[in-house]
Amino acid sequence: MKKNNIGYLLREGIRGVFLHGFMSFAAVCVTVACLIIMGSFSLILLNLHEMIIDLEKENEVMVYIDETYTTAKAKSVGSQINLISNVHEAKFISREQALQDFVEEQNDATLFDGIGADTLRDRYVVTMDDNSLIRETVERIESVEGVAEVVAHYEISNGFQTVQNVLNIASMVIIAVLFVVSLFIISNTVKLAMYSRSEEIGIMKVVGATNSFIRLPFIVEGFILGFLGAVIAFFLQWGLYDFLAVKITQIDTLQLISIVPFMDVVEFVAVAYAVTGFVVGVFGSLLSIRKFLKV
């Protein structure tokens with residue numbers, strides 16, 4: 001294709017955006033709405049994923065040290081535990097501290113009259129990076145010399161993993177469905193705009209224009225509409241996300257909900273919106289014009 005023809009077709013694509021202003025506006029609005037819905041679901045699922053990861057780190061494993069070990073020797077065991085892969089932190093709790101914690105929890109010191117710290121064992125509270133590897137990690141901790149007993153709540157870990165797997169599947173299904181719906185809606189929106197140009201397309205076919213020659217202006221038009229919708233949706237999503245994050249922070253006085261800062265995912269969201277806008281705009285136009293090329 002000659003350069004002057006390409007220039008003409010590109011100009012026609014740009015002109016088409018302004019020539020059918022209302023339909024172009026409608027297509028951009030539909031793109032923005034679909035992207036914000038898709039982006040909002042994705043960001044909600046992302047925050048739920050991060051909250052589950054934080055909760056997993058609070059799933060503690062109790063490691064009891066041999067009662068014959070002195071405090072100094074018990075602390076040396078901790079350095080070996082911390083060297084084990086997947087161990088996030090091994091926090092040492094002495095016998096005295098353990099007894100004090102029991103008294104504070106019961107809020108009644110008389111319950112522990114006559115009980116000395118020497119009846120308890122030094123221990124470590126261990127948290128892990130990946131709770132799906134808890135069994136393997138516990139086995140390695142049990143093999144450390146000086147470890148007398150390890151108490152791990154596998155059912156809690158399995159529960160977290162189940163929730164995480166469900167979220168992963170749900171996120172993929174929801175995003176895929178929303179993407180298909182977006183493509184369908186935008187394709188039909190663009191198709192409405194093309195009804196007014198069906199006669200023009202028919203004339204071009206009659207005079208011998210190739211399908212690729214006819215398609216290019218519509219591809220350019222779809223690209224511009226998709227990209228414009230993606231840019232608008234990105235900044236609206238940014239503002240909406242920050243607004244809701246501030247409101248949730250104000251309401252959540254106990255800080256039970258942790259919100260991922262938008263700046264931590266800004267690059268990912270920008271790329272995802274740009275790619276989705278391009279695919280939806282271009283392929284939406286291609287799907288719409290296919291019918292009109294059968295003249």
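For the structure, check the block above.
Now for a description of the structure that goes with this document. What you see is a predicted model; the values in this text were computed from it and never measured.

So, a nonpolar patch on the surface
Next up, step 1: On the surface, a nonpolar cluster with roughly 460 Å² of combined accessible area is contributed by Ile169, Met172, Val173, Val177 and Val181.
Next up, step 2: In this fold, Met172 is placed in helix α6 (residues 154-195).

Details of the pattern of salt bridges
Next up, step 1: The full count for this structure, using the stated rule, is 2 salt bridges.
Next up, step 2: Measuring nitrogen to oxygen at the nearest pair gives 3.7 Å for the salt bridge that ties Arg95 to Asp122. One end of the pair, Arg95, is in helix α4 (residues 95-106); the other, Asp122, is in the loop between α4 and β3 (123-128), and 27 residues separate them in sequence. This pair shows no difference in class: Arg95 is buried, exactly as Asp122 is.
Next up, step 3: Between Glu149 and Arg121 there is a salt bridge, and its shortest N-O distance comes to 2.9 Å. One end of the pair, Glu149, is in strand β4 (residues 147-151); the other, Arg121, is in the loop between α4 and β3, with 28 residues separating them in the sequence.
Next up, step 4: Judged by its relative accessible area of 35%, Glu149 is partly exposed.
Next up, step 5: For Arg121, a relative accessible area of 24% puts it in the partly exposed group.

Overview of unusual backbone geometry
Next up, step 1: At Asn86, a residue that is not glycine, the phi angle is positive and equals roughly 80 degrees.
Next up, step 2: Positionally, Asn86 belongs in the loop between α3 (71-82) and β2 (87-93).

Some points on the pairing of strand β1 (residues 61-65)
Next up, step 1: With 4 of its 5 residues buried, β1 lies for the most part within the structure.
Next up, step 2: Both β1 and β3 contribute to a ladder of 4 bridges, which runs antiparallel. Paired with Val63 across the bridge in β3 is Tyr124.

The rules behind these values
- Residues numbered from 1 in each chain as written.
- Predicted model: local features only at pLDDT ≥ 70, side-chain atom pairs only at ≥ 80, totals over all residues.
- Heavy atoms only, no water.
- Patch = residues over 30% accessible without salt bridge, like charges linked within 9 Å, V, L, I, M, F, W, Y side chains within 5 Å.
- Areas by Shrake-Rupley, 256 points an atom, 1.4 Å probe, with all protein chains shown as cover.
- Salt bridge = Lys/Arg side-chain N within 4 Å of Asp/Glu carboxyl O.
- Helix = DSSP H or I, 4+ residues; strand = E, 2+ residues; numbered from the N terminus.
- Buried < 20%, exposed > 50% of the residue type's maximum accessible area, 1.4 Å probe, protein only.
- Pairing = 2+ DSSP bridges.

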